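Descriptive analysis of the structure
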Amino acid sequence: MLVLQQQLIHDPQAPAGPLPLWDTPWHHPAWRQRQLAALMDPGSLDQHGQLPAARKRTGDLGPDLAADIAAPEPGERVWSGWLQQNAAGRTTLRPQSGASGDGPADGWPLITLEPAMHHWLAAAGEGPVRLVGSANPWGPWLRVSRLAEGQA
Amino acid sequence: MPEVRVPVVVWGGGTGGIAAALQSARQGVQTLLLTPGPWLGGMVSAAGVCCPDGNELSPWQTGLWGAFLRELARCEPDGLDHNWVSCFGYQPATAETILRRWLAEQPALSWWPGCRLREVRRQGDRLTGLVIERGGERLQVQLQMAIDGSDRGELIALSGTACRYGWESQEQWGEPSAPAAERLLADPFFRRQPVQSPTWVAIGVLGRTDHCPAAGQPLPAPFALAAEPFGLERTITYGRLPGDRVMLNWPLHGNDWHDDLERAFCGDPKAEAELFAQMQAHSLAFGRALQEASDGWLQLDGLFPQPDSAAGGALRGPSPLALMPYWREGRRLVGLSTLVEQQLLPLKPGASIAPLPLRNGHVDAVVVGNYANDHHYPGPDWPLAAKSCAWGGRWTGTPFCIPTALWSAPTPPTCWRPTRDSAPVIWPMGPPACNRRSSMWARPLAWQRPSASSGAAQPPICRCWCCSSS
């Protein structure tokens, strides 16, 4: 492994990842270990940028994050409502009646930048849900980062 | 001539130049960052493109980029969710303040704004110094390493370092989205558009209503089709920023500038100034057209300082125009290897990553990027090999790695350009700075090969757009 790669990963102020690990957000507790492991054994990274599930299960690379874990952000809030899958295959949230920020008439389209939330949304059916995120009326979308406490 | 000695000199203060300067200084190396303009930031502040749409997903928010995004989120009181092109919308001054603070925190780092590159000093094939102009005075900067972080590769050009510029044929690198050599030579489009079209961003402010009150008056030429794909309101709010500001950077019949772009690469300051004035006027005209079509819902608005007050340190002011143009393409350094399109595309159909760069069995990667390919040219969309995937409710680009092997090769400098016979010309000392402004902008692209009698060290006669053959 290059000294430069190690220095980037261990940078105390702004650690930088040389490898594209789709399952490892910057705030993952084992972020450094995962980047180093993939550099030592690049063949272990599959075509979807995922590390082997067995190594994540046994603990040395840490489990993937649950959908209720993400870094908190300024301005985020809890959004309660009904999760829907629309005809175009997009997931929307229809806020509880009377809640502030009702958003578009057919509900807020949901987007996420977090791998755990992406997988949760892909597997979610319809039903009540409480999510943490920020509204963007000009998207328009709700950018959700995690499940609210008690939802998981 | 006064002289200073600094081990590392960085030319250009965009995100790349700042990252290089910061990391150099953080290693304890005295570092000097030189910028031509009064601001740092390039695209992310001075050029006004304050809604970046690459490396958005949390796995790619690492390094200084990730730190920058989190600092933006902390400093913008209304958050970053304001538009539909990006998840990060902020005011230019917010980004500029952060970057200036980061630089000021490094005792080994100095920043000199308002500089002009004049000459280079070299010993053999190594750069040993720069002659710059600062505050009307020339001075020499002795250095051990120079880093060109500029948008157009100005130091590369001045130093005659090996570089490439403009189109390359599909035959040259096998890139699936590149034009065939025959077409490249036959179609005048490729001579008219030597590089992607830049934009001079203008800033507007929206009225008090949440939505555009006008049903949509028709836009005048040349913007008549600008709002057709998405409607007037969506066109205007594409790059909405906090404080009801909007960034006008609209590619579809909007304010991309397409004409006579070689003026930015020929080394003639007068030609460059003329180009910049046309770009600015075009963006202001686009803003006024949107203003009229929206019944005044959008107004051109001051957000940037005038260049003079920016040089005095101002972060805000009455100008709707960004402080510099947003270039999408510049000179490309010739390194130990060349990053080609195949290294950015999915490994195979259905894959979610590009091939990992391997050297001697080891991964040679140092950076992850993921921008979805798009091209800015006049006319219809340029067809590109598929690179994006649906993820998290939106489309996102396949991540790829930048290898260290791209770093500059210790070989004699050469500059390659396409020619009539499609063979690359080796330009021993790099492209000459064209100091002959002429009316030859429309001349066909052609670089003569060095003649046997001229010797390898003599530049051949330039017959580019900028140079008269007489």
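Being a predicted model, the structure only gives us computed values, none of them experimental.

So, the packing of helix α2 (residues 63-75) of chain B against helix α3 (residues 92-104) of chain B
Residues and elements named next belong to chain B. At a minimum axis distance of 10 Å, the contact between α2 and α3 shows a crossing angle of 120 degrees. Classed by the angle they form, the pair α2 and α3 counts as oblique. For the pair α2 and α3, the crossing hand works out as right-handed. Of the residues in α3, those in contact with Phe68, Glu71, Leu72 and Cys75 of α2 are Thr94, Ala95 and Ile98. For the contact of α2 with α3, the class distribution of residues is 5 nonpolar, 1 polar and 1 charged.

Notes on the nonpolar core
Judged by nonpolar contacts, the single largest core of 124 residues is most densely connected at Val9(B), Val10(B), Val49(B), Val201(B), Met247(B) and Ala322(B). In terms of residue count, the dominant contributor to this core is helix α9 (residues 269-293) of chain B (7 residues). Residues in contact with Val49(B), not counting those within four places in the same chain, are Met43(B), Val44(B), Val201(B), Met247(B), Asn249(B) and Tyr326(B). With 19 residues, the next largest nonpolar core counts Ala67(A), Trp79(A), Val132(A) and Ala135(A) among its residues.

Section: α3(B)
Side chains that are three or four residues apart share a direction in an α-helix, a result of its 3.6 residues per turn. All names here are of chain B. A rise of 1.5 Å per residue sets the reference length of α3, with its 13 residues, at 18 Å; its end C-alpha atoms lie 18 Å apart and thus fit the reference within 8%. Along α3, the residues that are buried comprise Pro92, Thr94, Ala95, Glu96, Ile98, Leu99 and Trp102. For α3, the secondary structure elements touched by its buried residues are α1 (15-26) and α2.

Comments concerning the environment of Phe68(B)
Residues and elements named next belong to chain B. Turning to its location among the elements, Phe68 is positioned in helix α2. For Phe68, a count of 22 C-beta atoms within 10 Å corresponds to the buried category. Here the alpha-carbon distance between Phe68 and Leu99, two residues 31 residues apart in the chain, equals 8.3 Å.

Looking at the domain arrangement of chain B
Residues and elements named next belong to chain B. Domain annotation of chain B identifies domain 1 (3-50 + 91-159) and domain 2 (202-311). Using only C-alpha atoms to locate each centre, domain 1 and domain 2 end up separated by 29 Å. In this assembly, 9 residues from domain 1 lie in contact with 14 residues from domain 2. In the side of domain 1 that touches domain 2, the residues fall into 5 nonpolar, 3 polar and 1 charged.

What to know about the interface of chain A and chain B
The partner chain B presents 39 residues to the 42 residues of chain A that form the contact. Sorting the residues of the side of chain A that touches chain B by element identifies α1 (3-10), β3 (108-111), α4 (115-123), β4 (127-136) and β5 (141-147) of chain A as the ones contributing at least two each. Considered class by class, the residues forming the side of chain A that touches chain B number 25 nonpolar, 13 polar and 4 charged.

A short note on the domain arrangement of chain A
With domains assigned, chain A is organised as domain 1 (3-58) and domain 2 (77-147). Using only C-alpha atoms to locate each centre, domain 1 of chain A and domain 2 of chain A end up separated by 29 Å.

Rules and cut-offs
Residues numbered from 1 in each chain as written. Chains lettered and ligands numbered in written order. Predicted model: local features only at pLDDT ≥ 70, side-chain atom pairs only at ≥ 80, totals over all residues. Axes fitted to C-alpha atoms, helices over the stretch in contact; angles between N-to-C directions. Helix = DSSP H or I, 4+ residues; strand = E, 2+ residues; numbered from the N terminus. Parallel < 35°, antiparallel > 145°, perpendicular 65-115°, else oblique. Left-handed = near helix turned anticlockwise from the far one by under 90°. Contact = placed C-beta atoms within 7 Å. Nonpolar A, V, L, I, M, F, W, Y, C, P; charged D, E, K, R; others polar. Core = buried A, V, L, I, M, F, W, Y, C linked by C-beta atoms within 7 Å. Buried ≥ 20, exposed ≤ 12 C-beta atoms within 10 Å, placed from the backbone. Expected span 1.5 Å × (residues − 1). Domains from an automatic or database assignment.

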